[in-house]
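So you can see what is in the structure, the chains are spelled out below.
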Amino acid sequence: MVARNVRNVLKSIKRILLKSWFKVLAWSLGFKYIKPAPEDIVKLVNKVASEMNVKVKSVYICAKKNHEANAMVFFSRVFIYHDSLNVLNLNELEALIAHELSHLSLHHIRRHTTEMNKTFLRIALCYAFMVLMIIVGWIKFFYIMPEIAMLGARLSAITLLSTLMVLWIRHANAFGCQLELEADLHATSAIKDALLYAITLIKLHVYSKQFSEYGKPFPLRKVIKRLKDIKRKILGDTHPNLKTRIMYLEIDEECYEDLQSVVNMVKRRFKFGMPIC
């Protein structure tokens, strides 16, 4: 009797902690909600995971505030955006899941973290050396104009730090793009259908892009697009563009007309509020 009560208390505590973890994770990632996935989605993810020899701990359905169709993997946990279920059919959803599980199979999180740590160490050593050079360069002015020399040394150090941090982020994004292309190829080999995978990418891209611009006043849309372009030029993209990803799959040229028809179909159905899948 006592053991049963203890088990019930522990289950209640676990349920409360899990709900709190969902709320914190949703807040930190900008999600409206995160909830456990239905049984059919869990079975689909487990099926793809068994075929790719990947272990998945749990599967969740989440929704972002700006209507984005995508998925992500976080420490052996798969998060599928709710809009993806409305945009993709079952085979295309399997292709999306295969891409996310490819990150686990290829150990992309560990590789990306290791590469960023190495790059950060190089940047820190470079920054320390350059700061020493700045001090040596300004030291002769400390006796003549100490205040101006101190200000110049600080501005030089801040400018150098900002430049090195931008280079670090650009390298992180470039390395991330390389890993995304690796995941694309690995997922294509898993589902054995490059054309289906390309159609999945097109649907996700067009849907998310249309919704990101939908409902905003035209001048504001132009300003946001301009700011995104400036950010992209300075820091680089976190993902390769759609054309690069499709060309990387090495699809037959005869299929490009089919892909263009898919783009037109998705745009047309979205415009008139029709189901995309």
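Shown above is the structure to which this text applies.
Rules and cut-offs
- Residues numbered from 1 in each chain as written.
- Predicted model: local features only at pLDDT ≥ 70, side-chain atom pairs only at ≥ 80, totals over all residues.
- Heavy atoms only, no water.
- Pairing = 2+ DSSP bridges.
- Helix = DSSP H or I, 4+ residues; strand = E, 2+ residues; numbered from the N terminus.
- Axes fitted to C-alpha atoms, helices over the stretch in contact; angles between N-to-C directions.
- Contact = heavy atoms within 4.5 Å.
- Buried < 20%, exposed > 50% of the residue type's maximum accessible area, 1.4 Å probe, protein only.
- Patch = residues over 30% accessible without salt bridge, like charges linked within 9 Å, V, L, I, M, F, W, Y side chains within 5 Å.
- Areas by Shrake-Rupley, 256 points an atom, 1.4 Å probe, with all protein chains shown as cover.
- Salt bridge = Lys/Arg side-chain N within 4 Å of Asp/Glu carboxyl O.
- Phe/Tyr/Trp six-rings, centres within 6.5 Å; stacked < 30°, edge-to-face > 60°.

Peer 1: In this structure, what is going on with the sheet that holds strand S1 (residues 31-36)? I would like to understand it.
Peer 2: The pairing of strands in a sheet comes from backbone hydrogen bonds and takes either a parallel or an antiparallel form. The 4 strands lie next to each other as S1-S2-S4-S3, forming an open sheet whose pairing is mixed. Strand pairing shows two members of the sheet lacking a second neighbour, S1 and strand S3 (71-74), which therefore form its edges. On average, adjacent strands in this sheet sit at an angle of 25° to one another, irrespective of strand direction. Bridge count for S1 against strand S2 (residues 58-64) is 5 bridges, and the pairing is antiparallel. In the strand pairing of S2, Phe31 is matched with Lys64. Helix H2 (residues 39-51) rests against S2 and strand S4 (77-81) of the sheet, and its axis sits at about 120° to S2. On top of the sheet, helix H4 (residues 90-105) reaches S3 and S4; it is set at about 30° to S3, its chief contact.

Peer 1: Honestly, the pairing of S2 in this entry has me stumped. Any pointers?
Peer 2: Each regular strand shows side chains that alternate between the opposite faces of the sheet. The buried count for S2 comes to 6 of 7 residues, which makes it a mostly enclosed element. Sheet topology note: the S2/S4 ladder contains 5 bridges and is parallel. Within S4, the position partnered with Ser58 by the bridge is Arg77.

Peer 1: Help me understand a nonpolar patch on the surface, please; the structure alone is not making it clear to me.
Peer 2: A contiguous nonpolar surface patch, about 460 Å² in accessible area, is contributed by Phe129, Met130, Leu132, Met133 and Val136. When you line up the elements, Leu132 lands in helix H5 (residues 108-142).

Peer 1: Just checking my understanding: could you explain the packing of aromatic side chains for this structure?
Peer 2: To describe a pair of aromatic rings, one takes the distance between the centres and the angle between the planes. Under the criterion given, the structure shown has 2 aromatic pairs. Measuring from centroid to centroid gives 5.2 Å for Tyr60 and Phe79, while their planes differ by 25°, and the two rings are stacked. Taken together, the residues span a long stretch of sequence, with Tyr60 in strand S2 and Phe79 in strand S4 at a distance of 19 residues. With relative accessibility at 7%, the residue Tyr60 sits in the buried group.

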